[in-house]
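The chain contents come next:
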Amino acid sequence: MADPMETYGEMWQDLGMNLRAHCALLDAIPKMYQSAYLSQENRPEAMSYFDFVVSEIHGLRIKELMEHKEAGGKVVGTFCLYVPEEIIRALGAIDVGLCAGAEWGYNEVEKLLPRNTCALIKSFVGFKLDRVCPYVESADLVIGETTCDGKKKAYEILGEMAPVYIMELPQMKRPEDFTLWRSEIDRLVAQLEELTGRKLTLENLKAATREVNAKREALQRLNNARKAAVVPISGKDALLASQVAFYDDVPRFTEMVNEIADELEARIAAGQGVAPADAPRVLVTGSPMAIPNWKLHDIIEKAGAVVVAEEMCTGSRYFDTLTDETPETLEGMLDAIAQKYLGINCACFTPNEGRMDDVVRMAEEYGAQGVIHYALQFCTPYQMEAHGVEKASRKAGLPVLRIDTDYSMEDIGQLQTRVEAFVEMLGD
Ligand code: BJ8
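Here's a quick rundown of the structure. All values derive from a computational prediction rather than experimental measurement.

## Thoughts on the site of the ligand
If you check the shell around the ligand, you find 15 residues, and the closest are C80, C148, C313, C346 and C379. Split into classes, the residues belonging to the shell around the ligand amount to 13 nonpolar, one polar and one charged. Composition of the shell around the ligand by domain shows at least three residues from each of domain 1 (4-172) and domain 2 (206-322 + 346-427).

## Brief notes about the packing of aromatic side chains
Across all of its chains, the model carries 13 aromatic pairs by this definition. Between F124 and Y155 the ring centres are 5.9 Å apart and the planes differ by 20°, which places this aromatic pair in the stacked class. Placement of the pair is F124 in helix α7 (residues 119-130) and Y155 in helix α9 (residues 149-158), with a sequence separation of 31 residues. Seen in terms of ring centroids, F246 and Y318 are 4.7 Å apart; in terms of plane orientation they differ by 50°. Their pairing is tilted.

## Section: the pairing of strand β3 (residues 141-145)
Side-chain direction in a regular strand flips from residue to residue, so the side chains alternate between the two faces of the sheet. Here β3 lies mainly inside the structure; five of its five residues are buried. As paired elements, strand β1 (residues 75-78) and β3 share three bridges and run parallel to each other. Considered in β3, the bridge of G77 is made with V142. As paired strands, β3 and strand β4 (residues 164-167) are joined by four bridges and run parallel to one another. Across the sheet, E145 pairs through a bridge with M167, a residue of β4.

## A few points about the sheet that holds β3
Reading across the sheet, the four strands line up as β2-β1-β3-β4 and stay open at both edges, with parallel pairing between neighbours. At either end of the open sheet lies a strand with only one pairing partner, and these are β2 (94-97) and β4. Each adjacent strand pair in this sheet contributes to an overall mean axis angle of 30°, direction not counted. Sheet analysis places β1 next to β2, joined by four bridges and oriented parallel. Pairing of T78 across the sheet is with G97, part of β2. Across the sheet, helix α10 (residues 175-196) is in contact with β1, β3 and β4; its angle to β4 comes to roughly 160°.

## Some words on helix α12 (residues 235-244)
Burial within α12 is extensive, with 10 of its 10 residues counted as buried. Taken together, the buried positions of α12 are occupied by G235, K236, D237, A238, L239, L240, A241, S242, Q243 and V244.

## Quick word on the side chain of D248
Of note, D248 is situated in the loop between α12 and α13 (250-269). Using a relative accessible area of 5% as the deciding quantity, one classes D248 as buried.

Rules used in this analysis
- Residues numbered from 1 in each chain as written.
- Predicted model: local features only at pLDDT ≥ 70, side-chain atom pairs only at ≥ 80, totals over all residues.
- Heavy atoms only, no water.
- Near = heavy atom within 4 Å.
- Nonpolar A, V, L, I, M, F, W, Y, C, P; charged D, E, K, R; others polar.
- Domains from an automatic or database assignment.
- Phe/Tyr/Trp six-rings, centres within 6.5 Å; stacked < 30°, edge-to-face > 60°.
- Helix = DSSP H or I, 4+ residues; strand = E, 2+ residues; numbered from the N terminus.
- Buried < 20%, exposed > 50% of the residue type's maximum accessible area, 1.4 Å probe, protein only.
- Pairing = 2+ DSSP bridges.
- Axes fitted to C-alpha atoms, helices over the stretch in contact; angles between N-to-C directions.
- Contact = heavy atoms within 4.5 Å.

The values reported here are purely geometric and, on their own, carry no functional implication.
Spelled out as structure tokens, the structure:
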């Protein structure tokens with residue numbers, strides 16, 4: 001394989017990246033990928049597309065972003081599911097998800113942020129401080145949102161290093177909260193029209209909505225296949241598809257995920273699975289798992305279980321509902337977008353009963369025998385909401401294991417022991 005520095009070094013340099021630190025980061029990913037992904041047996045062949053995407057994680061896609069910028073287009077970075085990608089796309093910009101999933105530059109980060117900040121926030125601040133993420137460096141604008149307190153305050157710090165725009169997200173779902181959120185969507189439109197120099201129209205918004213919905217439908221197809229008695233794809237591979245959805249080219253990604261879904265449907269018909277039919281089935285719920293955070297899925301599946309669903313932002317919360325494409329006015333389309341996004345069940349909301357209902361409903365639909373609640377350490381919303389998830393799951397007869405962890409590998413042994421005991425209990 002060609003040396004990535006030879007192929008992309010100049011591009012990374014032009015982006016102002018810290019090449020030495022970036023090389024160290026890029027060196028770490030293939031080892032993690034080999035251990036978590038390439039060591040799997042009997043993977044769907046079409047997953048080779050994702051092997052390629054990961055091998056080019058900071059290469060080919062960044063080159064595409066640069067070409068888009070050279071042609072006058074804009075790149076917009078986002079950190080949260082609530083930022084409507086339909087609007088960004090409709091205005092000709094490319095939306096990339098920036099949530100960082102690797103421990104990086106903590107020594108410097110902890111001079112700015114308290115040590116007891118969640119790994120996701122520390123990671124994105126570390127990536128920016130050390131200039132190792134070409135997605136952040138290529139963004140013309142970063143859109144943040146008022147979700148958890150840690151993110152809100154970290155965006156103020158990020159704003160000292162990059163252009164940041166904040167959407168105010170309500171924390172409840174009453175009619176007056178919808179009114180506030182709807183006005184925030186209008187503010188976002190104005191901001192993005194100014195950035196892109198384009199006008200939002202009914203036509204461009206409908207076209208973008210169709211494309212984004214098609215991506216969600218492809219992910220729904222892939223995930224539906226996981227409901228089969230003999231599961232045709234590992235949880236790790238399904239998680240990877242959700243992670244890549246945040247930054248890959250939308251039509252290409254949709255096509256490739258539909259190809260995987262074709263293969264999975266054929267595998268189901270042939271009774272071909274990635275795990276034995278009696279492997280315990282687990283639903284994972286909680287904080288998002290940003291790429292390359294594959295730690296918990298890897299532990300669960302190496303313990304002999306199969307993850308059949310993720311109730312998380314890198315999972316069902318991203319694709320399980322579509323935006324209504326039928327309104328025939330621009331205002332109507334923006335109402336539909338506001339509604340779709342306010343329907344997401346993030347733990348930053350109170351009350352958030354919809355999430356408990358989703359966990360129980362999904363466990364039934366996907367045939368999960370147990371629930372693993374995953375929260376990043378110091379993620380107050382998810383760590384506290386674990387109580388409600390546990391209560392609702394136990395009421396539905398589902399055993400629950402609560403895991404609070406971070407991106408480091410220090411607790412691997414302890415997590416393996418706890419997960420193995422849980423999987424064994426499910427198998428009894
Ligand atoms: S919609 S989950 S992407 S806010 S892990 S930074 S919550 S302390 S990421 Fe999230 Fe949007 Fe909600 Fe999804 Fe804070 Fe928790 Fe850290 Fe988090």
